[in-house]
Structures are given as structure tokens and as C-alpha cells.
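# Per-entry structural report
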Amino acid sequence: MSDSPAPPVAVIGQHVCGAQSCDTAIPAESFLCEDHTKLLPAPLRCAVRDSYTPGQLPSANPYLRAAVDAVTHKEKRAAPRAGLRKAVQLTLFEM
Ligand SMILES: [Zn+2]
């Protein structure tokens, strides 16, 4: 037998979290992993839970798109800043 490369991680009944930065495997009936679901505002969380059908893509469901956007936004806000910016005017006083 030839050793074929391992198949990609695809467990039946599971898929990866819908958040862009996340590849956690989750059950087919959820759209986001538990950590990312917690980031959503409660009404959006309910809308996603009620409207998501397994295998559905965000392009087919506006609630999923909103959820992906909300998670991306929260993650960007939580990320540390690259460095504090100094007010442009203050550079005039540098010698
Ligand atoms: Zn996730």
C-alpha cells in the first residue's frame, strides 16, 4: 500500500467555526464556536441560532453575515494597538 497523504480534517457532522480567524471544529448545527457565539449581542445570537441551517454559507443568510462582521469587529477592537500615535502638532516641538 502506498502511503497517501492524510485527508484534511473533516469529521462527519462537524465543520469549522464561521468566524474568519477561527478553525475550531464544531457540530454541524452551530454556525460559530462557543467562544465566538458569546461575542455576539443576544438578539443576533438568537437570530443566528434560529435561522441557521447546517452547511449554510454567510452569503445565503444576512444574520450569518452580520455575525461574522460583529465577531471580526470585536476581535479588531480587542487587538492591542500597534503603538501609540503622537499628535502631529507635537512633532513641531521636537528638537
Ligand atoms: Zn470560533
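Residues numbered from 1 in each chain as written. Predicted model: local features only at pLDDT ≥ 70, side-chain atom pairs only at ≥ 80, totals over all residues.

### Observations regarding the overall build of the chain
Tallying secondary structure elements over the chain gives three helices and two strands in all. Each helix and strand of the chain, ordered N terminal to C terminal, gives the series β-β-α-α-α. Out of the 95 residues belonging to the chain, those deemed buried represent 15%. Contacts spanning at least 24 positions in sequence make up 32% of the contacts within the chain whose residues lie at least 6 apart. (Helix = DSSP H or I, 4+ residues; strand = E, 2+ residues; numbered from the N terminus. Buried ≥ 20, exposed ≤ 12 C-beta atoms within 10 Å, placed from the backbone. Contact = placed C-beta atoms within 7 Å.)

### Comments concerning the environment of Arg65
Along the chain, the position of Arg65 falls in helix α3 (residues 62-78). Exposure remark for Arg65: the 14 C-beta atoms within 10 Å place this residue in the partly exposed category. Through-space distance from the C-alpha of Arg65 to that of Val48 is 9.6 Å; in sequence the pair is 17 residues apart.

### Structural notes on the confidence of the model for the chain
On average, residues of the chain carry a pLDDT of 86, and 87% of them reach 70 or more. The secondary-structure element of the chain with the lowest mean pLDDT is strand β1 (residues 14-16), recorded at 92, while helix α2 (residues 42-51) shows the highest, at 97. (pLDDT = per-residue confidence, 0-100.)

### Some remarks on α3
Relative to the 24 Å expected for 17 residues at 1.5 Å per residue, α3 spans 24 Å between its end C-alpha atoms, a close match to the ideal helical length. Residues of α3 that are buried: Tyr63, Leu64, Ala67 and Val71. In an axial view of α3, the angular spread of the buried residues amounts to 100°, which keeps them on one side of the axis. Opposite the buried face of α3, by more than 90 degrees, sit the exposed residues Pro62, His73, Lys76 and Arg77. Where α3 is buried, its residues meet α1 (34-39) and α2. (Expected span 1.5 Å × (residues − 1). Arc of directions from axis to C-beta.)

### Concerning the nonpolar core
Listed in full, the eleven residues of the largest apolar core are Cys17, Ala19, Phe31, Leu32, Leu40, Val48, Tyr52, Tyr63, Leu64, Ala67 and Val71. Counting residues per element, this core draws most heavily on α3, which supplies four residues. Sequence-distant contacts of Leu64, defined by excluding residues within four places in its chain, comprise Gly18, Phe31, Val48, Tyr52, Gln56 and Pro58. (Core = buried A, V, L, I, M, F, W, Y, C linked by C-beta atoms within 7 Å.)

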